[in-house]
Each structure stands twice: as structure tokens, then as C-alpha cells.
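# Architecture at a glance
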Amino acid sequence: MRIAILGSTGSIGRQSLEVARAHPDKVKVIGLAARTNAALLEDQIAEFHPAAACLSNQPGWSSSVEGVETFHGAPGLVELATLHAVDLVVAATSGSEGFQPLIAAIRAGKKIALANKEALVMAGQLVVREAKAAGCLLRPVDSEHSAIWQCLQGERRQNVEGVTLTASGGPFRTWAAGELAEATPSQALKHPVWSMGSKITIDSATLMNKGLEVIEAHWLFDLPFSRIRVAIHPQSVIHSLVHFADGSLKAQLGTPDMRLPISYALSWPDRWHTEQPAVDLLQIQPLTFFEPDFERFPLLRLAMTAGELGHTYPTVLCAADEVAVSAFLRGEISWTRMHAVIEQTLDQHTQIVDPSLEEILAADAEARNVAQSLCRRYSRQAVL
């Protein structure tokens, strides 16, 4: 399997390279792409000797390692994702930056291990249409969607009644709603189970991430939103469940380690041996489940509503969320203001039905401008 990793210096990218490192007889790294972390990218190039590499946010960048073709900028990501020698693209670039290279890779006939949820959320209808036209199976890397995918193997889709996505509940699961106004970035970044990048960690703390995953599940598994549920499961052992017409439930259990779904996405329909410990049912603590609290986590409901509205509303949701999370991490707006920024950006949007690629990108850009303006209005500096 010859792979290219978009987002190789991020959490998913680094763990994808761990899987490649563990299976040198099965995986050859052809391309690596990062956004800004040139130092780590150079280390990865020196170890894996890819044919090509890209640093998307540094124009004119070139690798110091000899013999590596180098690209830069957004066009460089597309070049890397469509290299002739690449069989499979690990789409792990966070945010909307990963959208265009994903579409290009699908059109180029590449297999896709999809870890960029924003691309599917902001343009699910378009991505699914392109994938069907190209005969491309989108192999989910998110642990929840990988779990559903695994549970569906060998099953007739007409027998599926629905699915339940689990969520740890994040660091604020037990906080009262009134306490969250004072939540700080450092507190929000202390996820109790998973080790992830800052953007997805904040989204997990607000449960926005779970709302985005509901929209993903809608597109990946062709399910109406009414048949997709969310359950808080603090132990993060059961990653998702599938409900069948005869009343049966099928669940996928595993340790909370992203290398497992990454390995499955690369190895499917096989399963490669890993050194990761299996779940020991005789040793694990009791498994508990709770209904999500929408008062404490209003962004979960907002995301699900945007998903049901469809068309360009999820595009706007993703764009506004990126802007709001960045502002929160910089200390410019409070925890509760993130919801206000995203909700008001959605309120100001005029829906575009069945949008084209150009219309999706335009809606994304407009939403960012609106959200940035709202962040300035709500900034702590403005209050002071």
C-alpha cells in the first residue's frame, strides 16, 4: 500500500506514521504534507524518505532532504494528493483546508482514509456524489464511524434501524451549565481520555465534535438524522453501536487508541496485527451511558439542527466553529461566546440549495468574515 498523508504532523498524521512504521512490509509512505510544522515534517521526511512533501502555509518552502520533490501552498496539497504513485490518501488535514485536496484525490481514483470531518460536513452531498461517481469507498478513520463501519460488515443495509454514536463527555461532563462561562482554554484542552489536536479537543469539550460526527454518519452511512443518536459514555470503550430490525445491537469495543481505526482503514478488508492491548472485559470498570445535556452543551443541538437543514448550513457551521474555537484558544472570547458566534453566523446565512464547489467555498469564506466580526464584537478586549 503506497500512501500519502495530508496533515502528517498532526495527531492523526503522526499516529498514521506509527502504523506505517509498524508495518514496513505493507506500507510505503510516498507523500507527506503539513501546514506549518516544518521542523517535524523534515524529521518525518528524513525517516520515511517519501517521494514528495508539502508545507502548505509557507510559500516557497523546499525540503533540505535531497531527492524529495517539494510543493507548497494550497495547490501543493492537491498535487500531493493526486500523485500517480499514491494508492491511498490519509485525509487528516484539519479544517476546511483539506476539502479541495480530498475532492482532487477522489477524482484521481485514490482510495481515501477519511479523518478530516470538516470536509465531509461542509460538503457532504458533493463529496458523496464525487465518491460514488469515482467508485471510491470512503474509509472512516474517526473511531465512532470506524466502529459503525466494522459493525456493518456482512450485514444487509435494509436491516439497519439506526446507530448510536458514543461520546466521552469531555472535561466538562460534570460541570454545571452556569460554571462553564468561566472555563479556560487550559481546562478545555485537558481531555480525560483522548490525546488530540487543540481544535478537535475543544470541539470535544463543547460536544460540537459529536454534532459534526452525526452529520458525517448521515453521509457515510446514508441514514436520516432521526436514526442517529448520541450517548455519553465516559469510559470510551464502546465506540458506536448499530441497531438492527430484529432488536439486536452490535457494538465495536476497543481501547481508546486512534491507531486501531487508522490501521483498519489502511488494512481493510484485512486486519493487521497490532501491539495494542485488547479490551479485557474482566478488568475494565463498569460501562455507563447517559443522555447528552443540551443545556450544558448547546453546540451539539446546534450542529444537529444545521445538519438537518443541510445544503450550505453545515458549511457555515464548520467555518464559524473554526473561527470561534481559534478566538477562544487565543483568549479573545469566552467559552459561552463560542455558541453565540456560531449561532448568529448561521442566523445571518442565506441557504444555497445543492451548492457547487465554488458556492461552498464562497459560503465558507463569507461565514468566516461574519464570525470574525462577531468575535471582535464579543472580544474580552472590547468588553474592557
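Look a little higher up for the structure.
Residues numbered from 1 in each chain as written. Predicted model: local features only at pLDDT ≥ 70, side-chain atom pairs only at ≥ 80, totals over all residues. Heavy atoms only, no water.

The subject of this paragraph is the environment of Val127. Summarising the element assignment, Val127 is placed in helix α6 (residues 124-134). We classify Val127 as buried; its relative accessible area is 0%. Along the chain, Val127 and Trp219 lie 92 residues apart, while their C-alpha atoms are 9.0 Å from each other. Beyond its immediate stretch of four places on either side in the chain, Val127 contacts Phe99, Leu102, Ile103, Ile106, Ala119, Leu120 and Leu138. (Helix = DSSP H or I, 4+ residues; strand = E, 2+ residues; numbered from the N terminus. Buried < 20%, exposed > 50% of the residue type's maximum accessible area, 1.4 Å probe, protein only. Contact = heavy atoms within 4.5 Å.)

This next bit is on the side chain of His239. The topology assignment puts His239 in strand β10 (residues 238-244). For His239, the side chain forms a polar contact with the main-chain oxygen of Gly254, separated by 2.9 Å. In this structure His239 touches Ser143, Glu144, Ala147, Thr166, Trp194, Gln252, Leu253, Gly254, Thr255 and Pro256, once residues within four positions along its chain are discounted. (Polar contact = N/O pair within 3.5 Å; in protein donor to acceptor, adjacent residues only side chain to side chain.)

This paragraph deals with the pattern of salt bridges. Per the counting criterion, the structure on display carries 19 salt bridges. One salt bridge connects Asp293 with Arg296, and the closest N-O pair in it is separated by 3.7 Å. With a closest N to O distance of 2.9 Å, Asp364 and Arg368 form a salt bridge. On the criterion of helical spacing, the pair formed by Asp364 and Arg368 is a turn pair, its members being 4 residues apart in helix α15 (residues 357-378). Across the pair, Arg368 and Asp364 agree in class, each one buried. Beyond isolated ion pairs, a larger network of salt bridges with shared partners links Glu118, Lys199, Asp203 and Asp321. (Salt bridge = Lys/Arg side-chain N within 4 Å of Asp/Glu carboxyl O.)

This part is about the sheet that holds strand β11 (residues 249-253). Hydrogen bonds between backbone atoms are what pair the strands of a sheet, whose relative direction is either parallel or antiparallel. Overall, mixed pairing links the 4 strands, which are arranged β9-β8-β10-β11 in an open sheet. Each edge of the sheet is formed by a strand with only one pairing partner; in this case those strands are β9 (228-232) and β11. Pairwise comparison of adjacent strand axes, ignoring direction, gives a mean angle of 20 degrees for this sheet. Across 5 bridges, β10 lies against β11 in antiparallel orientation. Bridging across to β11, Ile238 finds its partner in Leu253. Each of β8 (160-167), β10 and β11 is contacted by helix α7 (residues 143-152), which is oriented at about 40 degrees to β10, the strand it contacts most. (Pairing = 2+ DSSP bridges. Axes fitted to C-alpha atoms, helices over the stretch in contact; angles between N-to-C directions.)

Once that is clear, we can look at the packing of aromatic side chains. Using the criterion set out here, one finds 5 aromatic pairs in the structure. Aromatic side chains Trp149 and Tyr264 sit 5.0 Å apart centroid to centroid with 70 degrees between the ring planes, which places their arrangement in the edge-to-face category. Within this pair, whereas Trp149 is found in helix α7, its partner Tyr264 is found in helix α11 (residues 259-267), the two being separated by 115 residues in sequence. Both residues of the pair, Trp149 and Tyr264, belong to the buried class. These aromatic residues form a ring-pair network of at least three members: Phe172, Trp175, Phe328 and Trp335. Lying across the ring of Phe294, Arg301 places its NZ or CZ 4.0 Å from the centre. (Phe/Tyr/Trp six-rings, centres within 6.5 Å; stacked < 30°, edge-to-face > 60°. Lys NZ or Arg CZ within 6 Å of the ring centre and 35° of its normal.)

Let's shift gears to α15. The end-to-end C-alpha separation of α15 is 31 Å, in line with the 32 Å expected for 22 residues at 1.5 Å each. Among the residues making up α15, those that are buried are Leu357, Ile360, Ala363, Asp364, Ala367, Arg368, Val370, Ala371, Leu374, Cys375 and Tyr378. (Expected span 1.5 Å × (residues − 1).)

Next up on the list: the environment of Gly76. For Gly76, the location among the structural elements is in helix α3 (residues 73-81). Accessibility expressed as a relative area gives 3% for Gly76, which makes it buried. Considering only alpha carbons, one finds Gly76 and Ser186, 110 residues apart in sequence, at a separation of 34 Å. Residues contacting Gly76, with those up to four places away along its chain left out, are Cys54 and Phe71.

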